Amino acid sequence: MNILKLKQMLQQFLMEDIGECDVTSDTIFDQGEQGTLTFIAKEGGVFSGGAVIQTGFALLDEQIEVCVFVKDGEVFEEGQQLAKMTGDMASLLKGERVVLNLVQRMSGIATQAHKAAMILAGTKTRACDTRKTTPGLRMLEKYAVRSGGAFNHRYGLYDAVMIKDNHISFAGSITKAVQTVKSKLGHTTKVEVETESPQQVLEAVEAGADIIMFDNRSPEEIKQLIKLVPAHIITEASGGIHLDNLASYRETGVDYISLGSLTHSVRALDISAKVKEREGILK
């Protein structure tokens with residue numbers, strides 16, 4: 001994870017929430033009043049977001065002591081303490097919501113990614129994400145996918161070529177589309193082609209695609225289509241695949257299965273924040 005980018009993101013998120021000041025905490029607490037903030041799991045899952053906790057509270061107050069009790073990618077249980085922060089009460093509460101929101105979402109994604117990886121365990125097929133991420137949170141969401149044991153697809157439009165039906169239609173054919181991009185791009189940029197039929201697969205192979213995607217194909221169709229692809233070309237299945245039907249794709253022999261559901265519709269895990277000061281517990 002790019003820590004410089006993370007700091008920039010968190011600064012923006014914290015400024016959005018705090019604005020000019022936290023009128024509640026800055027009024028209730030005396031300057032320098034100390035306390036603790038503890039993140040506690042209200043359900044089990046896979047953790048992701050340690051750097052968010054460390055960096056987020058450090059931006060607010062470098063004197064806050066942060067202890068994260070679980071590592072990214074580690075399984076935790078209901079009731080388990082995930083992290084504990086000690087320091088200025090007002091600073092702790094200023095960072096609580098933003099940091100917790102991100103950790104909850106990242107851990108929800110990591111948990112889903114872990115489930116997908118476990119479903120495909122024992123095969124050569126890897127689960128990966130898509131570009132169906134929350135705008136502004138892509139770096140964190142893709143990191144969370146890796147935390148859960150799955151893999152990343154391209155990060156954006158800039159780091160790989162993905163030739164889809166609209167590109168093919170405009171170019172005139174798969175062959176012309178592949179030839180055009182390969183004539184203009186360097187050798188380090190991979191070219192993936194989306195296919196829907198045996199004819200398109202064969203054309204993509206002949207055109208020199210680096211990756212061939214089987215789009216919205218059933219497991220039985222993929223088993224037949226993959227026979228048309230030489231071993232040196234990477235294969236991917238995508239479209240209509242989710243955790244409920246992922247197991248049916250285990251034996252297709254495809255290299256990757258991309259799942260938009262890992263990020264676009266994931267549920268944030270339930271994690272609570274308990275704040276305690278010298279005089280008692282704040283609810």
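From a predicted model like this one, the values you see are computed outputs, not experimental measurements.

Colleague: Describe unusual backbone geometry, with residues and values.
Modeller: You will see that N216, though not glycine, has its phi angle at about 55°, which is positive. In this fold, N216 is placed in the loop between β9 (211-215) and α9 (219-225).

Colleague: So what's going on with the sheet that holds strand β11 (residues 256-258)? Which residues, and what values?
Modeller: Read from one edge to the other, the open sheet built from six strands follows the order β6-β11-β10-β9-β8-β7, with strand pairing classed as parallel. For this open sheet the edge positions go to β6 (126-128) and β7 (161-163), each flanked by a neighbour on one side alone. The mean angle between the axes of side-by-side strands here comes to 25°, regardless of whether they run parallel or antiparallel. Bridging between β9 and strand β10 (residues 234-238) involves five bridges; their strand directions are parallel. Counterpart to I212 in the pairing with β10 is T235. The strands touched by helix α8 (residues 198-207) within the sheet are β8 (191-195) and β9, with β8 carrying the most contacts at an inclination of about 165°.

Colleague: Give me the lowdown on the environment of M1, citing residues and values where you can.
Modeller: Turning to its location among the elements, M1 is positioned in the segment before α1 (3-18). Considering only alpha carbons, one finds M1 and Q199, 198 residues apart in sequence, at a separation of 41 Å. Filtering out sequence-adjacent residues up to four positions away, M1 remains in contact with L6, A51, M106, M139, L140, Y143 and R146.

Colleague: Go over the packing of helix α3 (residues 50-60) against helix α4 (residues 89-120), please, and point to the residues and values.
Modeller: Between α3 and α4, the shortest axis-to-axis distance is 9 Å and the interhelical angle comes to 160°. Judged by the angle between their axes, α3 and α4 are roughly antiparallel. With respect to the hand of their crossing, α3 and α4 are arranged in right-handed fashion. Between α3 and α4, the residues in contact are V52, I53, G56, F57 and L60 and S91, L92, K94, G95, E96, V99, L102, V103 and M106, respectively. Across the contact of α3 with α4, the residue classes tally to nine nonpolar, three polar and two charged.

Colleague: Run through the pairing of β8, naming residues and quoting values.
Modeller: Counting buried positions over the five residues of β8 gives five, a clear majority of the element. Burial of β8 is two-sided: the residues V191, V193 and T195 facing one way and the residues E192 and E194 facing the other way are all buried. The pairing of β7 with β8 spans three bridges and is parallel. Of the residues in β8, the one forming a bridge with I163 is V193. Direction of pairing for β8 relative to β9: parallel, over a ladder of four bridges. Counterpart to V193 in the pairing with β9 is I212.

The rules we used
Residues numbered from 1 in each chain as written. Predicted model: local features only at pLDDT ≥ 70, side-chain atom pairs only at ≥ 80, totals over all residues. Heavy atoms only, no water. Helix = DSSP H or I, 4+ residues; strand = E, 2+ residues; numbered from the N terminus. Pairing = 2+ DSSP bridges. Axes fitted to C-alpha atoms, helices over the stretch in contact; angles between N-to-C directions. Contact = heavy atoms within 4.5 Å. Parallel < 35°, antiparallel > 145°, perpendicular 65-115°, else oblique. Left-handed = near helix turned anticlockwise from the far one by under 90°. Nonpolar A, V, L, I, M, F, W, Y, C, P; charged D, E, K, R; others polar. Buried < 20%, exposed > 50% of the residue type's maximum accessible area, 1.4 Å probe, protein only.

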